[in-house]
Amino acid sequence: MKNPSDPADQLDLNPTAIELQDDLEGDTLREECGVFGIFGHPEAAAITALGLHALQHRGQEAAGIVSFDGSRFHSERRLGLVGDTFSRREVIERLPGSIAVGHVRYSTTGATILRNVQPLFAELNAGGFAVGHNGNLTNGLTLRRELVRNGAMMQSTTDTEVILHLVAQSKRGRFIDRFIEALRAIEGAYSLVSMTNKKLVGARDPLGIRPLVLGELDGCPILASETCALDMIGAKYVRDIEPGEIIVFDERGAESHKPFPPKAPRPCIFEYIYFSRPDSIVGGRSVYDVRKAFGAQLARESHVEVDVVVPVPDSGVPAAIGYSQYSGVPFELGIIRNHYVGRTFIQPTQSVRELGVRMKHSANRAAIEGKRIILIDDSLVRGTTSKKIVRMMRDAGAREVHFRLASPPILYPDYYGIDLPDRGGLLAATHSLDEMREAIGADSLAFLSIDGMYRAMGEPGRDPANPKFSDHCFTGDYPTHLTDHSETEPQPRQLSLLAEAS
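The rules behind the values
For every chain, the first residue of the written sequence is number 1, and numbering continues from 1 along that sequence. With the structure being a predicted model, the display of local features is reserved for residues of pLDDT at least 70 and the display and counting of side-chain atom pairs for 80 or more, all residues being used for whole-chain, interface and lining totals. The basis for the side-chain values is all heavy atoms of the structure; hydrogens and waters are excluded. In DSSP terms, a helix is any run of H or I states spanning at least four residues, a strand is any run of E spanning at least two, and both are numbered starting from the N terminus. Each residue is placed in one exposure class: buried if its accessible area under a 1.4 Å probe, protein chains only, is under 20% of its type's maximum, exposed if it is over 50%, and partly exposed if it falls in between. Contacts between residues were defined by any pair of non-hydrogen atoms, one from each residue, lying within 4.5 Å. In short, Shrake-Rupley with a 1.4 Å probe defines the accessible areas, and a residue's cover is counted only from the protein chains shown. Strands are treated as partners if at least two bridges between them are detected by DSSP. Axis lines are fitted through C-alpha atoms, for helices just across the contact stretch, and the angle between N-to-C directions can take any value from 0 to 180 degrees. This arc is built from the directions going out from the helix axis to the C-beta atoms. Among buried residues, the Ala, Val, Leu, Ile, Met, Phe, Trp, Tyr and Cys ones that are joined through side-chain atoms within 4.5 Å form a nonpolar core. Angles below 35 degrees are treated as roughly parallel, those above 145 as roughly antiparallel, those between 65 and 115 as roughly perpendicular, and all remaining angles as oblique. For a crossing to be left-handed, the near helix must be turned anticlockwise from the far one by less than a right angle; the clockwise case is right-handed. Amino acids are sorted into nonpolar (Ala, Val, Leu, Ile, Met, Phe, Trp, Tyr, Cys and Pro), charged (Asp, Glu, Lys and Arg) and polar (every other residue, Gly among them). For this document, the term salt bridge refers to a Lys or Arg side-chain nitrogen within 4 Å of an Asp or Glu carboxyl oxygen.

Draft legend 1. Examining the overall build of the protein more closely. Counting secondary structure elements, the protein contains 19 helices and 21 strands. Counting across all 502 residues of the protein, residues that qualify as buried make up 58%. Partitioning the contacts of the protein with sequence separation of at least 6, the portion at a separation of at least 24 is 70%. Roughly 20000 Å² of accessible area belongs to the protein as shown, and the carbon and sulfur atoms make up 50% of that amount.

Following this line, the structure appears as structure tokens:
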């Protein structure tokens, strides 16, 4: 999570201040994590690496794979992108075996250091156990403190390690019973892929906040965060893992457990707005089609007379297509994105920093000069990126610049794996609509309504008594207990950890 008291994380209304501290990442939502696992395939690690490539959008800070070859476990965990490490033959050859689990990471709890890279591995009484986690535990810090008081020695600062210790401390006889007992103790959002020397295990939280799907390749079961990972390797989609389900694969086949009382599912709405790849199917819905529907609904609610519809690439493209198709206004690529901008581009002087602002996005003057344009983006967090894009459009000759967001205003922080600032760092939580419009410099500004978002999902609207999705960032209606955030004892998000070379 960012620090809302840090000036770099606030909207600065000084026209040049944004450029001076621009990190080329803007103020977009930050991805969560991606998980992948396969059982019984002779090329398990290579297939896992390909699956992680497809899930790279869910985390670009680190990647890891653990495999088992029948006698020992093998682990490769590295900072950086999947291709930085796992595209090399010698790395895959160091991961033999027919069972493998993998993880791509964006840190929401714990720093980006090697000890926090997943899958985490521990040698338990019953043997080796590796686990990868997408999501965030809302009682992870509370459990961690109890475990440490009872003598546990933590090696990382990620909440996922709590799961390892809970499994290790269980007195149940069978592994699956120990795993279930551990999950009964945790709160929040999780999709897990884990493995022992004999089993591949997947689990999804009782509300289904985070996604997890089951696929099959050459008769071998696969677990993955999204269907796009199955498409990447030519696997067949079988079904979604159900909310609250734990599924176990071993040499005898599959075994499903549903140890939790049934609850009405509440999957995360941001999987449709931003996180999932457009070519994925999430909860039976095409993400691409849903995003187009968001754009069409936006056009119904807040259209103005303009000459062209311009997406903010890449996340705004499907919504802009939907907006254009519904409104009849031509779609144009008025902004060109450079996909080859590095994350750590050195900006040593003020003049170079100012040039760096245009490295990631540049205006397509031929498409916008002299025209009234409407910009479509998926969401607005701090407003810094929106502000500089509006200015870029004006500099390129746009006559009018209107801004539309294909989601409602983000008013509340997230505690389930999305990196959002606290309320003080959210532009919509601290400014009126007109103040936001003025801050980003647009001629008009509008968001998709909450009911409109639900209608685009095929629902009649939002039922406050039975919301179909986890939409707490818009409504403040959190679907689980927030134990760590209701404790009176201080709960630091970043825990101490020995710094080490990686």
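There is more to say after this.
Draft legend 2. Structural context of the sheet that holds strand β1 (residues 33-39). The strand order across the open sheet formed by 7 strands is β3-β2-β4-β1-β10-β9-β11, and the pairing between neighbours is antiparallel. Looking along the sheet, the strands with just one partner apiece sit at the ends: β3 (73-79) and β11 (236-240). The mean inter-strand angle of the sheet, taken between neighbouring strand axes irrespective of direction, is 15°. Pairing between β1 and strand β10 (residues 220-224): 3 bridges, direction antiparallel. Bridging across to β10, Gly-37 finds its partner in Leu-223. This element, helix α2 (residues 44-54), spans β1, β2 (62-68), β4 (99-105) and β9 (213-217) of the sheet and lies at about 25° to β4.

Draft legend 3. How the structure looks around helix α16 (residues 433-440). Among the residues of α16, those classed as buried are Met-436, Ala-439 and Ile-440. The buried residues of α16 occupy an angular sector of 85° when the element is viewed end-on, so they sit on one face. On its buried face, α16 is in contact with α14 (384-395), β20 (400-405), α15 (427-430) and β21 (444-447). Two residues or fewer after α16 comes Gly-441, characterised by a positive phi angle close to 85°.

Draft legend 4. The nonpolar core, seen in detail. In this structure, Ile-269, Phe-270 and Phe-294 are the most contacted members of the largest nonpolar core, which totals 41 residues. If you look at the next biggest cluster of nonpolar residues, it comprises 29 residues, including Phe-129, Phe-175, Ala-203 and Phe-260.

Draft legend 5. Looking closely at the packing of helix α10 (residues 287-302) against helix α11 (residues 317-327). Close contact between α10 and α11 brings their axes to 6 Å; oriented N to C, the two are set at 50°. It follows that α10 is oblique to α11 by the angle criterion. The crossing of α10 and α11 is right-handed. From α10, Tyr-288, Arg-291, Lys-292, Gly-295, Ala-296, Leu-298, Ala-299, Arg-300 and Ser-302 reach across to α11, where they touch Pro-318, Ala-319, Ile-321, Gly-322, Tyr-323, Gln-325, Tyr-326 and Ser-327. Across the contact of α10 with α11, the residue classes break down as 9 nonpolar, 5 polar and 3 charged.

Draft legend 6. Main features of the sheet that holds strand β13 (residues 253-257). The antiparallel open sheet is built from 6 strands, whose spatial order is β5-β6-β7-β8-β12-β13. Two strands bound the open sheet, and with one partner strand each, they are β5 (120-124) and β13. Along the sheet, successive strands turn relative to each other by an average axial angle of 20°, direction set aside. Here 5 bridges tie β5 to strand β6 (residues 127-137), and the two strands are oriented antiparallel to one another. By the bridge assignment, Ala-122 is partnered in β6 with Phe-129. Sheet contacts for helix α6 (residues 160-169): β5, β6 and β7 (188-195); angle to β5, the most-contacted strand, approximately 15°.

Draft legend 7. Structural view of the pattern of salt bridges. Tallied over the entire structure, the rule returns 24 salt bridges. Of the charged contacts in the structure, one is a salt bridge between Glu-226 and Arg-58, with a shortest N-O distance of 2.8 Å. Here Arg-58 lies in the loop between α2 and β2 and Glu-226 lies in the loop between β10 and α8 (227-233), a separation of 168 residues in the sequence. We note a salt bridge from Arg-285 to Glu-459, for which the minimum N-O separation is 3.6 Å. On the criterion of sequence distance, the pair formed by Arg-285 in strand β15 (residues 285-286) and Glu-459 in the loop between α17 (450-456) and α18 (472-475) is long-range, its members being 174 residues apart. The partly exposed category is assigned to Arg-285, whose relative accessible area is 22%.

Draft legend 8. Molecular detail of the packing of α6 against helix α7 (residues 175-185). Following both chains from N to C, one finds α6 and α7 inclined at 130°, their axes separated by 8 Å at the closest point. By the angle class used here, α6 and α7 are oblique. Crossing of α6 over α7 shows right-handed handedness. Packed against α6, whose contacting residues are Ile-163, Leu-166, Val-167 and Ala-168, the element α7 presents Phe-175, Arg-178, Phe-179, Ala-182 and Ala-185 at the interface.

Without other data, these values stay purely geometric and don't point to any function.
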